[in-house]
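Working through the structure, step by step
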Amino acid sequence: MGIFSRRQAAVFESTPAVDNGISVADAAPRGAALDPALRALTGRWTIDRPHSRIGFSVRHAMVTTVRGAFADYDSTLYFDGARPSESRADLVIRVASVDTGVEQRDAHLIGPDFFDVRRYPEMVFRSTSTVHEGGESFRMSGDLTIRDVTRPVDLQLDYLGSVVDPFGFERAGFDGTTTIDRTEWGLVYNQRLKAGGSMVSEKVRLQFDISAVRSTS
């Protein structure tokens, strides 16, 4: 597979705003100038999965951090750099695709103590609004559903730049992060440590490292 392979990609499609759509960029605050480079990004895009990561990190046993990612997901995106409020996207993750590098830990995560994938196979994010905070930064608000519990979250989203790769494809990078309290979504399993504290932190950092390729269709 070439380093810029477009295989295993999730397509972002332009669609009219509907109740189930998500806003990737809402109206910019008055006086916040949009970078001309952002305006040039208007159109449909495709996530290049081999060069993107939908992941998380959580403190373990109070002394280290466990990191993982989800390999199987669908997403849609239409980005409008001139009118950010017209942008739309969503993300549906198959939770069984979780990978932390340890099979036993992954099996525990997809079991009833955590995600319980037999009953709740998908985790879904649908944005409700996004505010241009200035420069190349946005604050995306949306609804995150885990185990059939839906709660609002705010995502810090940064545009990292764009380039034409050696194969002639226009590529853009985005970095998104947010921190949630997993217990608010019913992920309450834990073990207490003798010295105090818990085995698994309640705070989980979600990370979206996106390499997107402009769709030609």
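For the structure, see preceding data.
What this report covers is the structure whose coordinates are included nearby. (Residues numbered from 1 in each chain as written. Predicted model: local features only at pLDDT ≥ 70, side-chain atom pairs only at ≥ 80, totals over all residues. Heavy atoms only, no water.)

Here we come to the side chain of D80. By the element assignment, D80 lies in the loop between strand 5 (73-79) and strand 6 (88-94). With residues near it in sequence (within four places) discarded, D80 still touches T42, E86 and S87. (Helix = DSSP H or I, 4+ residues; strand = E, 2+ residues; numbered from the N terminus. Contact = heavy atoms within 4.5 Å.)

Next up on the list: the pairing of strand 3 (residues 53-60). As paired strands, strand 3 and strand 12 (residues 200-214) are joined by 7 bridges and run antiparallel to one another. Note that in strand 12 the partner of R53 across the bridge is D209. Sheet analysis places strand 3 next to strand 4 (residues 64-70), joined by 7 bridges and oriented antiparallel. Within strand 4, the position partnered with H60 by the bridge is T64. (Pairing = 2+ DSSP bridges.)

Turning to the packing of aromatic side chains, a few remarks are in order. Considering all chains together, one arrives at 5 aromatic pairs under this definition. With 5.6 Å between their ring centres and 45° between their planes, F56 and F70 make a pair best called tilted. Here F70 lies in strand 4 and F56 lies in strand 3, a separation of 14 residues in the sequence. For F56, a relative accessible area of 8% puts it in the buried group. (Phe/Tyr/Trp six-rings, centres within 6.5 Å; stacked < 30°, edge-to-face > 60°. Buried < 20%, exposed > 50% of the residue type's maximum accessible area, 1.4 Å probe, protein only.)

What follows concerns the environment of A37. Here A37 is to be found in helix 1 (residues 36-39). A relative accessible area of 29% places A37 in the partly exposed class. For the pair A37 and A82, spaced 45 residues apart in the sequence, the C-alpha separation amounts to 9.8 Å.

Okay, the side chain of T100 next. For T100, the location among the structural elements is in the loop between strand 7 (98-99) and helix 2 (103-110). Overall, the relative accessible area of 11% leaves T100 in the buried class. At a separation of 2.9 Å, a polar atom in the side chain of T100 contacts the side chain of R105. Polar contacts involving the side chain of T100 include one to the side chain of D106, which spans 2.6 Å. In this structure T100 touches F56, V66, R67, G68, R105, D106 and L109, once residues within four positions along its chain are discounted. (Polar contact = N/O pair within 3.5 Å; in protein donor to acceptor, adjacent residues only side chain to side chain.)

Our focus in this paragraph is the pattern of salt bridges. Overall, the coordinates contain 10 salt bridges when judged by the stated rule. The closest approach of N and O atoms between R126 and D90, which form a salt bridge, is 3.1 Å. Here D90 lies in strand 6 and R126 lies in strand 8 (residues 122-134), a separation of 36 residues in the sequence. Look at R126 and you get partly exposed, because its relative accessible area is 29%. (Salt bridge = Lys/Arg side-chain N within 4 Å of Asp/Glu carboxyl O.)

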